[in-house]
Amino acid sequence: MSTPRPDPDSVTGPSVERLHVGRPNLGPRDVFDSYVDRIYATNWLTNDGPIVHELETAIANRVGVRNCVAMSNGTVALEIAVRALGLTGEVIVPSFTFVATAHALSWQGVTPVFADIDEATHCLDPQSVEAAISPETTGIIGVHTWGRASPIEKLQNIADRHGLALMFDAAHAFDCTYGGHTIGGFGRAEVFSFHATKFFNTFEGGAIVTNDDDLAARARLMRNFGFAGYDNVVYAGTNGKMTEISAAMGMTNLTVLEDIKIGNARTHDAYAAALDKVAGVSLVVPDLAERNNFQYVVGVVDAGAEVRDRILSALHSRGVLARRYFWPGVHRMPVYASSALRVPLPVTEHIADRVLVLPGGPSIAAREVDRVTNAIEEAINAV
Ligand code: T4K
């Protein structure tokens, strides 16, 4: 049985500063203001505006892809990618992911079929993916969990052998690499989230990035209701447009991305040193041969769900709003619980019961890392 989470609003006194997972990073106010001035001057607020274009170009250049199609959020970007790729029937996804990965398929009438993950990387296990393939399967969506790339080559090999489309949910992986190449150009398409809590944010936002010009053109049309001209609707599209104010936040945050990454890495290192002395909790270490944005500080509690949830409660009562992403695993959420499981998911269940995501980011000071790790140690010793 897991311990219920206390309501964060009821647990801390006014003197205790709350520490959040995913505290938004805000770039310089004067840069943002200069974009706001432009919005006022042009009176152009949304619908494929000039700042959105600037952001799309900047992201495409940074990632090294031919096309970036900015969207209102990562979930809609996933839905549009699924639709623009023509995925139908069944698509294989990890169960250990944010529920939006599966929802995007469901909303397009596609059945998510869950595959297991690798215990060390928390990304898809290629063997499990292959075992989950059926005659109905049309695609695979790999998730680059915590900014660590999926086993891209192995998944591409499976996709090629079975004639499946491969795409990636790269919501966590902006500015990360695989084989030294910036994530964004792999598979048929990759999808970023620029939500407030992400490494790079546009308040809400997301993007499809791809080297496939036709796919990008379809996604662009679908983002704007399918309009190919004033009166000509060629797809049953949706409204996935990014606003100018979101793009302005994006352009502002791009100016400080390196600083954010340095701050994230510093906090990550501080946790690594502090947690090294805490028996029973280990830190998930990114692949140091690759570039990572260090946005997520992920602990694994050896003893399992009960102890993990006690630690979580203890942290919340001290104003440390740690999270147990992605508990209990999408396949165990009521909305998907009745879906038949094609393959067993023992690693997903093991990891989902043990993960504890800790407040990270540049705004977390060394003394706050000590506050968090001391609270974890106390909670473990009290068990
Ligand atoms: N695929 C993957 C693998 C994803 O992780 C996500 C999103 C998606 C797809 C979908 O992308 P989007 O459609 O979201 O663009 C958060 C985010 O809402 C979500 O974007 C994210 N993944 C997921 C992992 O986490 P919650 O429910 O944890 O958010 P919330 O409101 O509890 O905020 C987290 C902490 O941040 C809280 O302690 C409060 C703090 N916070 C939050 C916001 C919004 C702030 O301090 N300021 C803020 O403005 O979902």
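Structure's up top.
Calculation rules
- Residues numbered from 1 in each chain as written.
- Predicted model: local features only at pLDDT ≥ 70, side-chain atom pairs only at ≥ 80, totals over all residues.
- Heavy atoms only, no water.
- Helix = DSSP H or I, 4+ residues; strand = E, 2+ residues; numbered from the N terminus.
- Buried < 20%, exposed > 50% of the residue type's maximum accessible area, 1.4 Å probe, protein only.
- Pairing = 2+ DSSP bridges.
- Axes fitted to C-alpha atoms, helices over the stretch in contact; angles between N-to-C directions.
- Contact = heavy atoms within 4.5 Å.
- Parallel < 35°, antiparallel > 145°, perpendicular 65-115°, else oblique.
- Left-handed = near helix turned anticlockwise from the far one by under 90°.
- Near = heavy atom within 4 Å.
- Polar contact = N/O pair within 3.5 Å; in protein donor to acceptor, adjacent residues only side chain to side chain.
- Nonpolar A, V, L, I, M, F, W, Y, C, P; charged D, E, K, R; others polar.

With an omega of -5 degrees, the peptide bond running from Tyr325 to Phe326 counts as cis. Tracing the backbone shows Phe326 in the loop between strand E15 (320-321) and helix H12 (334-337). Of note, the bond from Trp327 into Pro328 is cis; its omega dihedral lies within 30 degrees of zero at 0 degrees. Checked against the element boundaries, Pro328 lands in the loop between E15 and H12. In this model, Asn43 sits at a positive phi of 60 degrees, which is unusual for a non-glycine residue. Looking at where Asn43 falls in the secondary structure, it is placed in the loop between helix H2 (29-42) and helix H3 (50-63). Using a relative accessible area of 63% as the deciding quantity, one classes Asn43 as exposed.

Quick look at the sheet that holds strand E6 (residues 165-169) now. Strand order in the open sheet formed by 7 strands is E2-E10-E9-E6-E5-E3-E4, with mixed pairing between adjacent strands. One side of each edge strand has no neighbouring strand; the edge strands of this open sheet are strand E2 (67-71) and strand E4 (111-115). Going from strand to strand, the sheet's axes swing by 25 degrees on average, the running direction of each strand aside. Against the sheet, H3 engages E2, strand E9 (189-193) and strand E10 (206-210), with an angle of about 135 degrees to E2. Contacts from helix H7 (residues 152-162) reach strand E5 (137-143) and E6 within the one sheet, and its direction differs from that of E6 by about 150 degrees.

So, on to the packing of H3 against helix H9 (residues 244-254). When two helices pack together, you describe them by how their axes are tilted relative to each other and by the distance separating the axes. For the pair H3 and H9, interaxial distance at closest approach is 8 Å and the crossing angle is 40 degrees. The angle between H3 and H9 places the two elements in the oblique class. Crossing of H3 over H9 shows left-handed handedness. Counted together, Pro50, Ile51, Val52, Glu54, Leu55, Ala58 and Arg62 of H3 and Glu244, Ala247, Ala248, Gly250, Met251 and Leu254 of H9 form the full contact between these two elements.

If you check the shell around the ligand, you find 24 residues, and the closest are Arg23, Thr75, Asp169, Arg323 and Tyr325. Gly74 places a polar main-chain atom, nitrogen or oxygen, 2.9 Å from an oxygen atom of the ligand. In this structure, a nitrogen atom belonging to the ligand sits 2.8 Å away from a side-chain N or O atom of Lys198. Taken together, the residues of the shell around the ligand sort by class into 8 nonpolar, 12 polar and 4 charged.

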